[in-house]
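Structural characterization, general
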Amino acid sequence: MIYEVSHRTRYAYRDPVALSHHLLHLAPRPCAHQQCRRSTLIVDPAPAVSEAGTDYFGNPTTFMIVQQRHRELQVHVRCEIEVRRPPPPAAEASIPWEEAAALVAGDCSRTMLDVYQFTFDSPFTSAGEAAAAYARPSFTPGRPLLEAARELTSRIRQDFIYDQSATDVATPVDEVLRLRRGVCQDFAHLELACLRQLGLPARYVSGYLRTYPAPGKERLVGADASHAWLSLWSPGQGWIDLDPTNDLIPGDEHITLAWGRDYGDVSPITGVILGGGEHKVEVAVDVLPLPA
Amino acid sequence: MAWSFTGLGSRAEVSQQSDPSALPPVDDRLYGHYRAAAGGFDELMQPDGGLRPHWRSFMARLSARSDAELAQAWSATARMLRDNGVTHNVHGDPTGQDRPWRLDPVPLLIDGAEWRQLEQGLIQRARLFNAILSDLYGPQQLLTGGQLPAALVFGSPQFLRPLHGVPVPGQVRLHFIAIDLARRPDGSWQVISDRTHAPIGAGYALETRVVMGRVLPDLFRDCRVERLAGFFQRFSDSLLALLHHAEPRMVMLSPGPAAETYFEHAYLARYLGMPLVEPGDLTVRDRRVFLKTMTGLQPIQLIWRQMHSEACDPLELQSATAQGVPGLVQAVRSGNVVVVNALGSGLVEGDAIMPFLPSLCQQTLGEALLLPEAATWWCGEPAARRFVLANLDRLVLRPTFAPRSILRRDRGPILPARLSAAERAALCARLNTHGEHYVAQEPLLPSSAPCWTDGRLVPRPVVLRAYIAADGQGYQVMPGGLARTLGDGDAPLLLMRQGEASKDAWVLTAGPVSSFSRLAQAEQPAAPRRSGQDLASRAADNLYWLGRYAERSDGAVRLLRSLLLRVTGEVNDDDPVVRATLLQLMVALGHLDKGLARRLTQGGAAAFPGELGRVLFEADAPNGLAPLLGHLRRTASLVRERLSSDAWTCLQALQAQVEAERARPRREVGDALQLLNDLIRLLAALSGMQMEHMTRNLGWRLLDMGRRVERARHLARLMAALVRAGASEAAHLQLLLELADSTMTYRTRYLNEPRPLLAVDLLLVDNSNPRGLSFQLDRLAEHLAALPRPAEQAGLSAEQRVLARLHGKIELADLAKLCEPAGRRPKRDALPVLMAELEAELGVLSDTLAQAYFSHAQPLRKAGPHWGGGAD
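Residues numbered from 1 in each chain as written. Chains lettered and ligands numbered in written order. Predicted model: local features only at pLDDT ≥ 70, side-chain atom pairs only at ≥ 80, totals over all residues.

**With respect to the overall build of chain B**
In terms of helices and strands, chain B carries 29 helices and 21 strands. Across the 872 residues in chain B, those meeting the buried criterion constitute 48%. A separation threshold of at least 6 residues defines the contact pool for chain B, and within that pool the share at least 24 residues apart is 72%. (Helix = DSSP H or I, 4+ residues; strand = E, 2+ residues; numbered from the N terminus. Buried ≥ 20, exposed ≤ 12 C-beta atoms within 10 Å, placed from the backbone. Contact = placed C-beta atoms within 7 Å.)

If you want it as structure tokens, here you go:
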């Protein structure tokens with residue numbers, strides 16, 4: 001599937017901003033199942049410094065400094081991207097989850113260390129025993145890893161209510177677990193917390209989701225949104241994406257931007273501004289499927 | 001940047017060879033009762049009860065002094081520490097007070113030969129940690145090779161991923177570390193903990209040494225104690241050498257006055273001649289770090305960080321707040337700034353790495369590890385976990401990623417032996433499922449050393465923090481360090497408690513004491529510098545307000561004194577009308593509560609002493625002296641590194657005076673008057689120091705401008721209120737002259753009863769009267785002309801225009817008309833109107849100054865996050 005993605009972020013500040021620093025994770029990461037054909041970034045006002053780089057996890061980044069006084073900042077990314085995912089492997093073919101955990105912990109080759117690093121709690125996924133307790137009913141002894149994980153994903157979809165007003169970036173994941181409400185980032189963090197408590201390597205994925213207009217309605221431009229899900233390592237099967245918000249294994253409708261331990265590693269835009277006072281953020285994402 | 005070494009370095013450090021035969025006999029008066037605990041090692045005494053050889057000279061000299069002499073020396077020690085404001089701000093202290101640093105006056109003596117050996121081990125350890133960090137922030141071969149469990153890196157909150165792969169100059173990530181040591185019962189040293197992040201205490205060690213050197217100068221000299229100055233000189237030289245820059249600028253980065261160890265930051269910064277800055281003083285532009293100063297942005301090449309790595313860059317280091325220096329990591333990555341210690345250096349702190357050090361040492365340095373540490377087990381390893389479970393009762397457990405320090409309260413030690421059966425079972429279960437979160441250690445009984453308690457020496461457990469710093473080629477060890485004595489308690493707990501007091505540590509040398517040498521610097525061409533032109537905007541702001549508060553305090557104290565003088569009858573013609581005016585004025589100026597003023601007016605003279613006492617001394621009286629002096633001291637503490645120690649002592653004394661007076665059970669009016677006179681003297685001393693001792697740099701100008709603005713405003717208020725016609729005209733004018741400290745000038749000039757025209761001339765127009773308004777404006781004009789400003793700016797600055805208006809108003813004033821009574825009303829209308837205008841313009845001047853020079857004060861914020869989206 002080929003998409004044209006437009007992601008426009010507009011910050012409006014009450015007071016002038018004298019200086020702002022931003023770190024962007026907005027260029028789709030090239031990987032086995034996706035290829036970025038074109039990506040352009042337009043920032044207004046133009047930054048004094050804009051430097052492309054790669055972060056610790058291999059994601060493309062842009063570091064920028066806007067040094068002129070401004071009351072409004074627009075960051076607009078447009079890219080064309082092709083997604084071709086193989087069908088997910090058979091869940092029952094994965095090895096028992098305990099074996100998977102032991103296998104990952106016992107191998108210090110470079111490749112496996114890169115997997116192993118995702119078994120540790122990170123700032124957004126520290127829920128401790130509570131997460132382990134929530135996960136356990138699905139992870140019965142000897143159960144195939146993917147089967148258990150698939151069930152956990154479904155349970156989160158069933159047990160939790162999608163609620164934009166219940167949480168924000170500062171809500172800890174154990175609070176989400178208590179509230180049984182949240183948004184995609186919360187559900188991704190929760191499932192990560194569960195899997196990592198069991199010693200299983202899982203990483204956070206930031207990206208976009210193709211959406212469909214309601215029956216009989218026109219597709220609305222800009223009504224799409226950023227999305228977040230996770231990816232679990234299954235020995236012999238590789239990284240398998242899981243979307244607890246939608247209870248599915250992502251296919252060609254999930255576009256990957258970046259991955260890391262959690263939101264904090266790969267937030268689309270991190271910014272620190274000097275001045276500005278109160279401010280408003282508007283985000284407009286448009287995922288347009290292109291004819292092949 | 002000036003590289004002046006005050007204190008230790010400037011003193012001639014010449015060792016005097018003493019004649020051993022002149023050694024007085026050791027008198028056992030001081031240690032006759034000294035009994036070291038059985039089974040432990042004692043620093044002072046051999047098992048046979050004799051003194052250890054390296055203590056003999058010291059003990060002989062100590063015991064040659066009378067009890068009175070000693071008592072005097074020790075109280076001098078405590079006083080010096082207090083006067084110098086050596087404090088340790090303890091968080092969690094409900095009163096939020098700075099706690100004085102407690103010093104035990106008897107140093108820990110260490111034999112020179114033994115120290116040389118210890119040094120080797122400490123230097124090796126610094127090299128080892130540096131090598132481990134280089135690998136972990138680079139190729140990570142220690143992980144792929146299996147020498148170090150990857151969980152200790154990936155699970156550590158101190159592994160700062162954005163710093164991975166970022167090169168550092170000379171492969172040095174550790175420049176200044178601390179290692180905590182204790183002596184085992186067999187006399188050998190062992191490591192308790194390693195501090196590689198941003199270790200504290202070196203400044204305290206330095207200050208302790210300065211105080212000890214002053215209290216026991218002859219003892220200090222005769223015992224041939226190795227000096228500390230060379231250590232710091234070599235360290236700062238090594239930092240300069242990293243920079244390869246013609247005009248290198250280094251700063252010390254502190255979280256600010258709320259930090260527990262802010263005293264030390266200020267102290268070290270002053271000692272090393274580095275500006276002390278807070279995150280808000282720095283800004284990153286074009287991937288370079290700049291200091292915001294009054295003269296604009298000054299590039300910075302090196303930052304000695306006294307704060308947590310994670311708090312240094314809110315953009316990349318995942319701090320919850322926006323505090324820090326956004327873009328710092330990018331500046332480091334671009335090679336434009338060196339951070340000392342490198343960001344993320346805390347990764348190798350902590351007990352969990354200890355069991356792996358012997359093999360890591362072999363692997364990275366090809367050497368056997370010289371210094372042992374306490375037997376330690378990281379429970380993430382199955383074999384270690386089994387051992388720990390089998391020996392639970394004789395071990396102490398701690399969280400894996402909670403590093404320990406002898407200078408802080410130990411966080412979360414677990415003593416399995418003291419747990420209930422249920423707690424113990426839970427712990428065992430947790431160890432089995434999440435053993436990687438725990439480290440177990442054998443408790444240690446440290447050696448005991450003599451401490452001064454109730455006039456004699458008593459053995460107490462002691463631990464030592466040693467400092468290791470880069471010296472250009474490799475590492476060097478501070479000869480000495482900071483010893484801590486531990487409180488009474490049962491042995492296994494000893495290392496978990498906060499130290500009771502600190503001690504100087506003296507390394508004794510048999511040879512001559514190496515006197516401090518600046519030869520290394522002589523090779524460089526001498527280039528005179530003028531300091532203080534790069535004043536940080538924040539410091540400028542604080543200095544300006546320090547000036548204002550000092551002057552405001554002076555004004556308030558003088559008002560109170562005038563009031564008391566009238567109460568005690570020391571002013572002959574205590575006119576009730578004048579007294580009422582004075583009370584009104586004090587209410588208007590915020591120095592007196594309205595209700596109290598009313599009661600004082602009604603109650604007459606009898607009501608004064610008790611009620612006034614409250615205003616003067618109670619800490620919680622909102623309009624009282626205590627809050628005002630508190631403001632003064634707090635503002636001063638914000639720019640402490642720029643104040644001389646004499647000025648600081650003066651400020652300390654101000655507060656101490658009021659506190660001492662408050663503590664008196666009964667006080668008379670006379671005592672209060674005495675106190676006010678003392679305060680006026682101290683404030684005058686402070687102002688005198690400022691005039692006579694401060695370099696005429698921007699900092700001085702800001703301080704003085706604060707004073708001038710405040711004094712001018714105060715005068716305008718006084719004149720508006722006190723120049724009034726009527727029966728009490730002369731008495732009011734007398735009060736005005738008294739408050740404006742111009743009585744003598746007036747008397748010598750006019751020899752008559754005060755007359756409005758003459759008094760107004762003296763206080764408003766006469767620019768030779770240093771207490772007059774015109775004089776303040778003239779000084780302000782001089783300062784404004786000297787302030788830096790953009791080169792392209794033509795004509796007067798905005799501040800200068802305000803000042804010109806002020807000058808104009810005074811020059812154009814018709815004095816005769818101003819002082820002419822307005823009809824029969826007791827007030828002169830024209831004068832209060834003019835004074836109100838002057839006061840308003842002074843306010844505008846202050847705001848304009850703030851806008852032009854202090855406007856950095858805007859807070860940093862995080863731009864709104866992307867949260868939500870991806871609806872189902």
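**Things to note about the overall build of chain A**
Summing up its helical and strand segments, chain A has seven helices and 13 strands in all. By the compact-globule yardstick of 19 Å for 292 residues, chain A fits well, its C-alpha radius of gyration being 20 Å. Overall size of chain A, expressed as C-alpha extent along the three principal axes, is 60 × 45 × 40 Å. The buried share of chain A, taken over its 292 residues, is 47%. (Rg over C-alpha atoms; globule rule 2.2 N^0.38 Å.)

**Re helix H23 (residues 729-739) of chain B**
Residue and element names in this part refer to chain B. Counting buried positions over the 11 residues of H23 gives eight, a clear majority of the element. All buried positions along H23 are accounted for by Ala 731, His 732, Leu 733, Gln 734, Leu 735, Leu 736, Leu 737 and Leu 739. Where the residues of H23 are buried, they touch helix H15 (537-567), helix H16 (576-588), helix H22 (698-722), helix H24 (743-750) and helix H25 (756-765).

**Structural notes on the domain arrangement of chain B**
All names here are of chain B. Along its sequence, chain B is organised into domain 1 (249-300 + 302-336), domain 2 (537-566 + 575-683) and domain 3 (695-787 + 796-857). Between domain 1 and domain 2, the C-alpha centre-to-centre distance is 37 Å. Counting from both sides, the interface comprises 11 residues of domain 1 and, opposite them, seven residues of domain 2. At three residues, helix H9 (residues 262-272) tops the list of elements feeding residues into the side of domain 1 that touches domain 2. Its residues assigned to classes, the side of domain 1 that touches domain 2 shows five nonpolar, two polar and four charged. (Domains from an automatic or database assignment. Nonpolar A, V, L, I, M, F, W, Y, C, P; charged D, E, K, R; others polar.)

**Concerning unusual backbone geometry**
Note that the residue after Asp 44 of chain A, namely Pro 45 of chain A, is joined by a cis bond; omega there is 0°. Along the polypeptide, Pro 45 of chain A turns up in the loop between strand S2 (34-44) and strand S3 (49-54). The step from Val 340 of chain B to Asn 341 of chain B runs through a cis peptide bond, and the omega angle for that step is -20°. By secondary structure assignment, the location of Asn 341 of chain B is in the loop between strand S12 (338-340) and helix H11 (357-365). A positive phi angle is found at Arg 180 of chain A, which is not glycine, with a value near 60°. Within the element layout of this structure, Arg 180 of chain A appears in the loop between helix H5 (173-179) and strand S7 (181-182). One non-glycine residue, Asp 286 of chain B, lies in positive phi territory at about 50°. Residue placement: Asp 286 of chain B occurs in the loop between strand S8 (282-285) and strand S9 (288-293).

**Observations concerning the domain arrangement of chain A**
How big an interface is tends to be reported as the loss of accessible area on association of its parts. All names here are of chain A. Considered domain by domain, chain A is made up of domain 1 (2-66 + 267-290) and domain 2 (91-261). Placing a centre on the C-alpha atoms of domain 1 and another on those of domain 2 gives a separation of 24 Å. Taken together, the contact pairs 16 residues of domain 1 with 15 residues of domain 2. Those elements giving two or more residues to the side of domain 1 that touches domain 2 turn out to be strand S1 (2-24) and strand S13 (279-290). Sorting elements by how many residues they give to the side of domain 1 that touches domain 2 places S13 first, with five residues.

**A look at the sheet that holds strand S10 (residues 296-300) of chain B**
Residue and element names in this part refer to chain B. Across the sheet, three strands lie side by side as S8-S9-S10; this open sheet has antiparallel pairing. Bordering the open sheet on either side are S8 and S10, each of which pairs with just one other strand. Each strand axis lies, on average, 45° off the axis of its neighbour in the sheet, ignoring direction. Across five bridges, S9 lies against S10 in antiparallel orientation. (Pairing = 2+ DSSP bridges. Axes fitted to C-alpha atoms, helices over the stretch in contact; angles between N-to-C directions.)

**As for the sheet that holds strand S11 (residues 302-305) of chain B**
Residues and elements named next belong to chain B. Strand order in the open sheet made by the four strands is S7-S6-S11-S12, with parallel pairing throughout. The sheet is open, and its two edges are formed by strand S7 (276-277) and S12, each paired on a single side. Where S11 lies against S12, three bridges are found, and the strand directions are parallel. Looking at S12, one finds that Ile 303 is bridged to Val 339.

**Quick look at the interface of chain B and chain A**
Counting residues at the interface gives 36 residues for chain B and 47 residues for chain A. Elements that contribute at least two residues to the side of chain B that touches chain A include exactly helix H4 (141-144), S8 and strand S21 (860-862) of chain B. A class-by-class count of the residues in the side of chain B that touches chain A yields 14 nonpolar, 14 polar and eight charged.

**Thoughts on the nonpolar core**
Residue and element names in this part refer to chain B. Ala 466, Ile 468, Ala 540, Met 719 and Leu 736 are the most contacted members of the largest nonpolar core, which has 317 residues in total. A total of 15 residues in this core trace back to one element, the largest contributor, which is H15. Contact partners of Met 719, with chain neighbours within four places excluded, come to Leu 736, Val 760, Leu 763, Leu 764, Leu 831 and Met 835. (Core = buried A, V, L, I, M, F, W, Y, C linked by C-beta atoms within 7 Å.)

**Brief notes about the packing of helix H27 (residues 798-811) of chain B against helix H29 (residues 830-853) of chain B**
Residue and element names in this part refer to chain B. Between H27 and H29, whose axes approach to 9 Å, the crossing angle comes to 165°. Our classification of the angle between H27 and H29 gives roughly antiparallel. The hand of the H27/H29 crossing is left-handed. Mapping the contact onto sequence places Ala 798, Glu 799, Val 802, Leu 803, Arg 805, Leu 806 and Lys 809 in H27 and Leu 834, Glu 837, Leu 838, Glu 841, Val 844, Leu 845, Thr 848, Leu 849 and Ala 852 in H29. For the contact of H27 with H29, the per-class residue count stands at 10 nonpolar, one polar and five charged. (Parallel < 35°, antiparallel > 145°, perpendicular 65-115°, else oblique. Left-handed = near helix turned anticlockwise from the far one by under 90°.)

**Points about the environment of Ser 728 of chain B**
All names here are of chain B. Position of Ser 728 among the secondary structure elements: in the loop between H22 and H23. Using a count of 21 C-beta atoms within 10 Å as the deciding quantity, one classes Ser 728 as buried. Along the sequence, Ser 728 and Asn 341 sit 387 residues apart, while their C-alpha atoms lie 69 Å from each other. Look past the residues within four positions of Ser 728 in its chain and what remains in contact with it is Asp 575, Val 577 and Val 578.

**Digging into the packing of H15 of chain B against helix H19 (residues 625-638) of chain B**
All names here are of chain B. Axis separation between H15 and H19 bottoms out at 9 Å; the angle between their running directions is 155°. Between H15 and H19, the angle is such that the two are roughly antiparallel. Here H15 runs over H19; the crossing is left-handed. Contacts from Asn 542, Trp 545, Leu 546, Tyr 549, Ala 550, Arg 552, Ser 553 and Ala 556 of H15 reach H19 at Leu 625, Leu 628, Leu 629, His 631, Leu 632, Thr 635, Ala 636 and Leu 638. Looking at the contact of H15 with H19, its residues break down into 11 nonpolar, four polar and one charged.

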